[in-house]
Amino acid sequence: MVAVYDDAGVGHEIVQRAEAQAGRLFGEAGVAVSWRNPRWEVFLPEADGQKRFLHVHIVRRPRALAEDVFGTAFIDEEGHGRQADIFYDRIANLSTRGAQDRAVLLGAVMAHEVGHLLLGPHAHAPAGIMCGRWDADKLQLAIVGLAGFNAEQAMRMRQRIAQPAFSATMREVKPKGSVGIQPSAFSPEGAVLRAAQ
Ligand SMILES: [Zn+2]
């Protein structure tokens, strides 16, 4: 279960489309995600149930991280975490062709960061949704929804979720060791993204 908080005023429609997009990517990896929107729905989780949630906060921009970070996942010493922040201003600036693109790109960044919550900080791959450096071609694949998880990532996520300790180890962690994707430059070819670490 992933609780999504729209603190950037993105709006119900784009956020739900992004959730559907990210959910499709996880679904193709054999991971069923139940998205919850506490701000928009009657939502009274049991105190115990809260521990089983991952949390995604969509904010406009980072407070402390480098200027060009797109999202960050807060990872603990064991390589897992339960909160990711998404910085929507950068997504809106990158996808200028309309709400559909913004929703799909938001979904792609959500999938990448939630992927880190399940796969840990060293989860970057040469291609696909966990690619740490999105050049213009890879960004285009993400915008049209064609960047996904590979078989090895899918297996690791399913194993992670199946562990009895999964919910027990989801606790508040400090931003130390955060990871993310960020654009390093804007060029005529488009935005270049690189790994934050
Ligand atoms: Zn990353």
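It should be emphasised that the depicted structure is a prediction, and the values quoted were computed from it without experimental measurement.

1. Digging into the overall build of the protein
Here is step 1: Broken down by element type, the protein carries six helices and seven strands.
Here is step 2: A burial count over the protein gives 52% of its 197 residues as buried.
Here is step 3: Counting contacts in the protein only where the partners sit at least 6 residues apart, residues at least 24 apart contribute 70% of the total.
Here is step 4: Carbon and sulfur atoms make up 53% of the accessible area of the protein, which amounts to about 9,400 Å² in all.

2. What to know about the coordination of the zinc ion
Here is step 1: With distances of 2.0 to 2.1 Å, the protein atoms coordinating the zinc ion are His112 (NE2), His116 (NE2) and His124 (NE2).
Here is step 2: Here the donor residues for the zinc ion map to a single chain with the spacing H-x3-H-x7-H.
Here is step 3: Relative accessible area serves as the criterion here: at 0%, His116 is assigned to the buried category.

3. Points about the packing of aromatic side chains
Here is step 1: Applying the stated criterion across every chain yields a total of one aromatic pair.
Here is step 2: On the basis of an interplanar angle of 35° and a centroid distance of 4.8 Å, the ring pair of Phe26 and Phe149 is categorised as tilted. One end of the pair, Phe26, is in helix H1 (residues 12–28); the other, Phe149, is in the loop between helix H5 (136–143) and helix H6 (151–162), with 123 residues separating them in the sequence. For the pair shown, Phe26 and Phe149 are each scored as buried.

4. Looking at the pattern of salt bridges
Here is step 1: One pass over the structure, following the stated rule, counts six salt bridges.
Here is step 2: Glu28 serves as the salt-bridge partner of Arg24, at 2.6 Å between the closest nitrogen and oxygen. In this pair, Arg24 and Glu28 both sit in helix H1, four residues apart, roughly one turn of the helix.
Here is step 3: A relative accessible area of 56% means that Glu28 is categorised as exposed.
Here is step 4: Put simply, Glu152 and Arg156 hold a salt bridge, and the shortest N to O gap is 3.4 Å. Of this pair, Glu152 and Arg156 both sit in helix H6, four residues apart, which is roughly one turn of the helix.
Here is step 5: Residue Arg156 is classed as partly exposed on the basis of its relative accessible area, which comes to 29%.
Here is step 6: Connected through shared salt-bridge partners, Arg60, Arg61 and Asp89 make up one network.

5. Examining the environment of His57
Here is step 1: Relative to the assigned elements, His57 resides in strand E3 (residues 54–59).
Here is step 2: The exposure class assigned to His57 is buried, which follows from its relative accessible area of 18%.
Here is step 3: Taking the C-alpha atoms as reference points, His57 and Ala3, separated by 54 residues in sequence, lie 8.4 Å from one another.
Here is step 4: Those residues in contact with His57 that lie beyond four places of it in its chain are Tyr5, Asp7, Gln83, Ala84, Asp85 and Ile86.

Cut-offs applied
- Residues numbered from 1 in each chain as written.
- Predicted model: local features only at pLDDT ≥ 70, side-chain atom pairs only at ≥ 80, totals over all residues.
- Heavy atoms only, no water.
- Helix = DSSP H or I, 4+ residues; strand = E, 2+ residues; numbered from the N terminus.
- Buried < 20%, exposed > 50% of the residue type's maximum accessible area, 1.4 Å probe, protein only.
- Contact = heavy atoms within 4.5 Å.
- Areas by Shrake-Rupley, 256 points an atom, 1.4 Å probe, with all protein chains shown as cover.
- Donors = N, O, S within 2.8 Å, 3.2 Å for Na, K, Ca; no water.
- Phe/Tyr/Trp six-rings, centres within 6.5 Å; stacked < 30°, edge-to-face > 60°.
- Salt bridge = Lys/Arg side-chain N within 4 Å of Asp/Glu carboxyl O.

Function-wise, these values are silent; they only describe arrangement.
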